[in-house]
Amino acid sequence: MKLIWERVKEIEERKKELDAEIKVLTEQLKSLPNGHLEEKLVKGKKYYYLRYWEDGKLKSKYVGKDIGDLVEKFRLASEIKIKIDKLKRENERLGRILEKIRKIIDEDKTN
């Protein structure tokens, strides 16, 4: 059976791994488009616009008639955002566990 300190160390190490992974994914996300694609049909031709929020306002940027690999980039950005959210939740949960352990230790020191 593991000692509690070994388990605390494992939690702290996992939290550091999560911080590093979140940082890497956040950097990857910066290179991908933010917002969503909107298709407009004008005189039977399709035109694509990037729609995104900036300074509290919805902005629109024309991206052309052919969106090529842009759809794939949006899919990847979406997957990365989902993964970041999942990692952040785990990181927060581990932080709460460590905080509870610290409170228990502090209570023991005062008693």
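This structure is a prediction, so every number in the text was calculated from the model and none was measured. (Residues numbered from 1 in each chain as written. Predicted model: local features only at pLDDT ≥ 70, side-chain atom pairs only at ≥ 80, totals over all residues. Heavy atoms only, no water.)

A.B. asks: Summarise the sheet that holds strand S1 (residues 36–42); cite the residues concerned and give the values.
C.D. replies: Spatial ordering of the open sheet is given by S1-S2-S3, a layout of three strands whose pairing is antiparallel. Either end of the sheet is taken by a strand with one partner, and the two such strands are S1 and strand S3 (57–64). Averaged over all neighbouring strand pairs, the angle between strand axes comes to 35°, with direction disregarded. Relative to S3, strand S2 (residues 45–54) runs antiparallel, the two being bridged by seven bridges. Looking at S3, one finds that Tyr48 is bridged to Gly64. (Pairing = 2+ DSSP bridges. Helix = DSSP H or I, 4+ residues; strand = E, 2+ residues; numbered from the N terminus. Axes fitted to C-alpha atoms, helices over the stretch in contact; angles between N-to-C directions.)

A.B. asks: Give me the lowdown on the nonpolar core, citing residues and values where you can.
C.D. replies: Counting 13 residues, the largest nonpolar core has Leu25, Ile80 and Leu87 as the members making the most contacts within it. For this core, the secondary structure elements donating two or more residues are helix H1 (4–30) and helix H2 (70–110). If you tally residues by element for this core, the top one is H2, at seven residues. Once you skip the residues sitting within four places of it in the chain, Leu25 turns out to touch Ile80, Lys83, Ile84 and Leu87. The next biggest cluster of nonpolar side chains, apart from the first, holds six residues, and it includes Tyr48, Leu50, Tyr52 and Leu70. (Core = buried A, V, L, I, M, F, W, Y, C linked by side-chain atoms within 4.5 Å. Buried < 20%, exposed > 50% of the residue type's maximum accessible area, 1.4 Å probe, protein only. Contact = heavy atoms within 4.5 Å.)

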